[in-house]
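These are the residues of each chain, in order.
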Amino acid sequence: TELDSTVEQAIIIFCRTSGLTFFLLNVSLCLVIIFDSDVRGRGYRKYLIVLQTSSMTFDLFSNLYVPIIQVNCRILYSSSFLADYLDIVYFATIEVFLFGQVLCAYFACVYYRRNMILPRGRRFCFVGWRRVVVFLSLQIVAWSVCVAMYTFLRDWKEEA
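Residues numbered from 1 in each chain as written. Predicted model: local features only at pLDDT ≥ 70, side-chain atom pairs only at ≥ 80, totals over all residues. Heavy atoms only, no water.

In the nomenclature of an unreviewed UniProt entry, the protein chain is known as G protein-coupled receptor of Pristionchus fissidentatus.

Once that is clear, we can look at the packing of aromatic side chains. Per the counting criterion, the structure on display carries 10 aromatic pairs. Note on Tyr47 and Tyr112: the rings are 4.9 Å apart at their centroids and 35° apart in plane angle, and the pair reads as tilted. Linking Tyr47 in helix 2 (residues 42-65) with Tyr112 in helix 3 (residues 88-117), this pair joins segments that are 65 residues apart in sequence. Here the aromatic rings of Phe97 and Trp143 are separated by 4.8 Å at their centres, their planes lie at 50°, and the arrangement is tilted. With a gap of 46 residues between them, Phe97 in helix 3 and Trp143 in helix 4 (residues 129-159) connect regions that are remote in the sequence. The class of Phe97 is partly exposed, set by a relative accessible area of 22%. A connected cluster of aromatic rings, assembled from ring pairs, spans Tyr44, Tyr47 and Tyr112. The ring of Tyr44 is capped by Arg113, whose NZ or CZ atom sits 4.8 Å from the centre of that ring. (Phe/Tyr/Trp six-rings, centres within 6.5 Å; stacked < 30°, edge-to-face > 60°. Helix = DSSP H or I, 4+ residues; strand = E, 2+ residues; numbered from the N terminus. Buried < 20%, exposed > 50% of the residue type's maximum accessible area, 1.4 Å probe, protein only. Lys NZ or Arg CZ within 6 Å of the ring centre and 35° of its normal.)

Glancing now at the UniProt feature "transmembrane region" (unreviewed entry) in the protein chain. Mapped onto the present numbering, the UniProt feature "transmembrane region" (unreviewed entry) falls on residues 12-35, 47-68, 88-112 and 132-153. Across residues 12-35, helical content stands at 96% and strand content at 0%; the span's end C-alpha atoms are separated by 34 Å. Along residues 47-68, the helical share is 86% and the strand share 9%, with 33 Å between the first and last C-alpha atoms. (UniProt positions renumbered as here; feature names shortened; annotations may be inferred.)

A word on the pattern of salt bridges. Scanning all chains against the criterion turns up 2 salt bridges. Residue Asp155 pairs with Arg154 through a salt bridge whose shortest N-O separation is 3.8 Å. We classify Asp155 as partly exposed; its relative accessible area is 32%. Take Arg154: its relative accessible area is 33%, and that puts it in the partly exposed class. (Salt bridge = Lys/Arg side-chain N within 4 Å of Asp/Glu carboxyl O.)

Moving on: a nonpolar patch on the surface. Together, Leu20, Phe23, Leu24, Leu60, Leu64, Phe81 and Tyr85 line one region of the surface with nonpolar side chains, adding up to about 720 Å² of accessible area. Listing elements by their share of the nonpolar patch, those giving two or more residues are helix 1 (5-34) and helix 2. The dominant element in the nonpolar patch, judged by the number of residues it contributes, is helix 1, at 3 residues. Structurally, the position occupied by Leu64 is in helix 2. Accessibility expressed as a relative area gives 36% for Leu64, which makes it partly exposed. (Patch = residues over 30% accessible without salt bridge, like charges linked within 9 Å, V, L, I, M, F, W, Y side chains within 5 Å. Areas by Shrake-Rupley, 256 points an atom, 1.4 Å probe, with all protein chains shown as cover.)

What follows is the structure, encoded as structure tokens:
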């Protein structure tokens, strides 16, 4: 079954409109985070700004590519201008990587708040180089998942 062209155009228009709307909303949230004058959250703001920008990048990239999924036919395609330059395998790999960055940034925010509440010396309250090791291990896991995803999708596409 083929997707009707009017439905496809409606999906593309919706993605572009919602993408622009959420981009403007994310930019305004970034400005609120940057220009907040409360000194109590100064350390936390750097984690929030990373979370907001990584989330904004993920949304923007997804909305520019406009992936269309037809589950009944097991088809994933795109008819956007970015699809002419970027293969679906690369798109999926980049999308998984960006999603992993959003998760790592969210983890960093939660971890920071947790360490502010719990006293030092508690289990999993790492400071200094141990905190760096925790964050680096998350990045290594994210990169490993991306490499595995790319390999799987490339082989899957060649078989299809």
